[in-house]
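Below, each chain spelled out in residue letters.
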Amino acid sequence: MAGGLFGKYLLVQLTGEAVHAEHVELDPRVARQFIGGVGLGAYLLWQHAPVGVLPLAPQAPLIFCLSPLLGTGLTTTAKFTVVCKSPLTNRISDSLSSSRFALGCKKLGVDAIVIVGQLARWSHLHLHQDPRQCRVRACPNWIGLSAQEVSQAVAGERASKKVHVAAIGVAGEQLVRYATISNDGRHAGRGGSGAVMGSKRLKAITIEGQAKATVADPRAVAALARGYAQKSQGVATEKYRLLGTAANLSAFARMRILPVRNFQAVKVEPKQVKRLTPEGLARHAGHVRESCAGCTIACDHRYGGTRMEYETQFALGPLCGVFEPDKLLAAARACDTLGLDTISTGGTLAFAMECCERGLLDWPLRFGDDLAAWITCIAKREGPGAAMAEGSRALAHSLGGDAPRFACHVKGLELPGYEPRAMQTTALGLAVAARGADHNRSGAYQADLSPGVDRLRADLERGPQRVVDTEDHAAMLDSLILCKFLRGVLEHPYAEAAAMLRVTTGSDFDGLEVRAAAARTVTLRHLFNQREGWTRVEDRLPDRFYDEPLPQGGVIDRATLEQMVTRYYHLRGYTDAGQVTPARCRELGLDWVVGSNLCADFADREK
Amino acid sequence: MVIEKRPGLPAVWFLTMHSKTVRVEFYGVVRLRTNREHFDTTPGTLAEVLRAVQCAFPTLAPDYIREGRPAPHLLVSLDGGPATDDPTLPLVAGATVVLVSAQSGG
Ligand code: SF4
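This is a predicted model, so every value here is computed, not measured.

(A) Main features of unusual backbone geometry. The peptide bond linking Leu480(A) to Ile481(A) adopts the cis configuration, its omega dihedral lying at -25°. By the element assignment, Ile481(A) lies in the loop between helix H20 (463-480) and helix H21 (493-505). Here the bond from Ala61(B) into Pro62(B) is cis, since omega is 0°, no more than 30 degrees from zero. Turning to its location among the elements, Pro62(B) is positioned in the loop between helix H3 (46-56) and strand E4 (65-66). Even without being glycine, Arg256(A) reaches a positive phi, approximately 60°.

(B) Representation of the interface of chain B and chain A within the structure. Contacts between the two partners involve 26 residues from chain B, matched on the other side by 34 residues from chain A. Between chain B and chain A the total buried area reaches about 2,400 Å² when both faces are included, carbon and sulfur atoms providing 56% of it. Between chain B and chain A we count 4 salt bridges in total. Viewed at the interface, chain A and chain B are joined by 9 residue pairs in polar contact (both at pLDDT 80 or more). At the level of elements, helix H2 (28-34) and strand E8 (96-101) of chain B are the ones that each hand at least two residues to the side of chain B that touches chain A. Per-class residue counts for the side of chain B that touches chain A are 9 nonpolar, 11 polar and 6 charged.

(C) Quick look at the sheet that holds strand E2 (residues 18-25) of chain A. All names here are of chain A. The sheet built from 6 strands is open, its strands ordered E2-E1-E6-E3-E4-E5 with mixed pairing. In the strand order of this sheet, the two ends are held by E2 and strand E5 (92-98), each with one partner. Pairwise comparison of adjacent strand axes, ignoring direction, gives a mean angle of 20° for this sheet.

(D) Geometry of the site of the ligand. If you check the shell around the ligand, you find Thr76(A), Lys79(A), Arg186(A), Ser291(A), Cys292(A), Cys295(A), Ile297(A), Ala298(A), Cys299(A), Cys483(A) and Phe485(A) and nothing else. Of the residues that constitute the shell around the ligand, the class distribution is 7 nonpolar, 2 polar and 2 charged.

(E) Expanded view of the packing of aromatic side chains. Under the defined criterion, the tally for this structure stands at 21 aromatic pairs over all chains. Residues Phe26(B) and Phe57(B) carry aromatic rings whose centres are separated by 5.3 Å and whose planes lie at 80° to one another, so their mutual orientation is edge-to-face. Of this pair, Phe26(B) sits in strand E1 (residues 22-26) while Phe57(B) sits in the loop between H3 and E4; the two residues are 31 residues apart in sequence, bridging distant segments of the chain. Of the two residues, Phe26(B) and Phe57(B), neither departs from the other in class, the shared state being buried. Between the aromatic rings of Phe39(B) and Phe57(B), the centroid separation amounts to 5.3 Å while the plane-to-plane angle is 80°, which identifies the pairing as edge-to-face. Linking Phe39(B) in strand E2 (residues 38-41) with Phe57(B) in the loop between H3 and E4, this pair joins segments that are 18 residues apart in sequence. For the pair shown, Phe39(B) and Phe57(B) are each scored as buried. Taken together, the aromatic side chains of Phe252(A), Phe263(A), Tyr310(A), Phe314(A), Tyr418(A), Tyr445(A) and Phe545(A) make up a single cluster linked through ring pairs. The residue whose ring lies beneath Arg358(A) is Phe406(A), and the NZ or CZ to ring-centre distance is 4.3 Å. In this structure, Arg531(A) is placed above the aromatic ring of Trp46(A), and the distance from its NZ or CZ to the ring centre is 4.8 Å.

(F) Examining helix H2 (residues 37-48) of chain A more closely. Counted at 1.5 Å a residue, the expected span for H2(A) with its 12 residues is 16 Å, and the 16 Å between its end C-alpha atoms agrees. Where burial is concerned, most of H2(A) is hidden: 11 out of the 12 residues are buried.

The rules we used
Residues numbered from 1 in each chain as written. Chains lettered and ligands numbered in written order. Predicted model: local features only at pLDDT ≥ 70, side-chain atom pairs only at ≥ 80, totals over all residues. Heavy atoms only, no water. Helix = DSSP H or I, 4+ residues; strand = E, 2+ residues; numbered from the N terminus. Contact = heavy atoms within 4.5 Å. Buried area = accessible area lost by both parts, 1.4 Å probe. Salt bridge = Lys/Arg side-chain N within 4 Å of Asp/Glu carboxyl O. Polar contact = N/O pair within 3.5 Å; in protein donor to acceptor, adjacent residues only side chain to side chain. Nonpolar A, V, L, I, M, F, W, Y, C, P; charged D, E, K, R; others polar. Pairing = 2+ DSSP bridges. Axes fitted to C-alpha atoms, helices over the stretch in contact; angles between N-to-C directions. Near = heavy atom within 4 Å. Phe/Tyr/Trp six-rings, centres within 6.5 Å; stacked < 30°, edge-to-face > 60°. Buried < 20%, exposed > 50% of the residue type's maximum accessible area, 1.4 Å probe, protein only. Lys NZ or Arg CZ within 6 Å of the ring centre and 35° of its normal. Expected span 1.5 Å × (residues − 1).

Below you can see the structure in the form of structure tokens.
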């Protein structure tokens, strides 16, 4: 077996009040083709999700994937990815989380954990290095607790404080479609993996094991770890270390790319945002800096004990017309405690606020309101919260009429904090991303914020290639799994990634092979969606972005974006309709997909 | 051009004062390093303005400004518009330049 890996995964089947766990061998070619993380996750999802499975059905898998670098001591690698079919989008979902739970999972001696089935009662799943010792135990007393409270309860039951717990909050219990899975104060956020865990009646997962993966060249790994630890203290990460991503808020407001009031504007008064900046929040509530396990950057800035990063700050702040530090911090705290994705929570609330303003809803909800009580309603599905728990797309459809025009999502996933009308490469990246409106699997915003790129105009020639490049780059980082905040440190990302894999696994990776693995992963995610019924109409932005120019100027030309989407498909080797052909699968080494459980359209092409 | 109205001062006076200079605004780490929100300097090309900034705030060199050019970790934008690194870009009186640490996202 290649170093850094175990060559097997743990398959956990839940039924009634019992668990059956077993090791399943992984073909070594899989590790070579997909590396780990989101790549391995896409592969296992394809293998384990029955075609057309409903995301919250017992047969739908919930997958935790690790990586060869996890546990090597390389900075920022204490991460795992959670992969499932999203209950929010009905398409692929992968989200990353970090810290001690990731390191604990590696000690199980497997490269991934695949959980299928459903329990009869709310339970706690204890996973053990020896599959025969995996257990479930009913946990009625934990219902209604936050993930943090569950962790404390678990720690209280055990002599060792070194217990690794991932749990869902109230939102996951209530199957809110954007519920998170939380561990060590971190959250696997987007896409609703917490609802999938809840659908299996799993309140918590704990880990027990002592396995250790060997690496091919321990001295070389240690030398690389030292080198990157040192580089991680340089200027490339200075923003994350000193201020965190929350520093974006005032800069983005100044660049007129900060979405405000459900993407109705980008203009805010400097005085308003000032109170929400890292400096403003620190003055208001005090500041401490924390870190994921094994990270030398430490970007985790907390204000009054509440973690704050740009996306949370944008979504629960200006997007909802909120500019008061106390309201913002209370809303962020509520999401963390209840287990909700902050972007989808803010996006759905902002959409509902606009509906109320327009008289489409008669709820007493207005821009600028205190959000915490509404967030609790969402998590508990109480009153109007039940409709918002389904996300902005479902809420818009239930309202009908004009509402879907300004429900700001792609494929059901609410937009992150980048105004696409003023960032036209980002507009394409958001439209085509397999996970839905997504800044983390695309990173096209980096292209828009580069010198020489006129982000206000669509660039039909270069824009699609930029999206392909940033998607591949993100897929590489998310497969290894390296924190995105280390990316500025990598001068030659693919070559350096290959070097890390060589010394860890002992396999002769090179930069080209790593890039090919990233592109394969992007295509497999798209193929999964295709298999589940995706068509090109899903790769679009909401009408607002085509029909309503920003007051400061900037709108998306529908025909041009469609042309860019087509060009993007061609660069990826897809047809005009965005379909992946069997021939393209073979080119990418995805031969096993051809003839397997494909959607009807794909099978027809093969004939 | 930024036209600010300060209490007690006629807008015309303020506009005149401003229009003689180029305003450089600092955000993020650049603001931390300079410990200032903005800096006014004389009009010129982008390279000349950045040199003046570097001279006034040596802590920005070489990480953010090198020889009057933006280093890879600096994002320069004219009045918050698209990013530029064109050293010959003319910055006339009344122009505003925004300097931000370039690694964004998250
Ligand atoms: S940079 Fe931040 S998110 Fe990334 S591993 Fe470190 S603490 Fe975690």
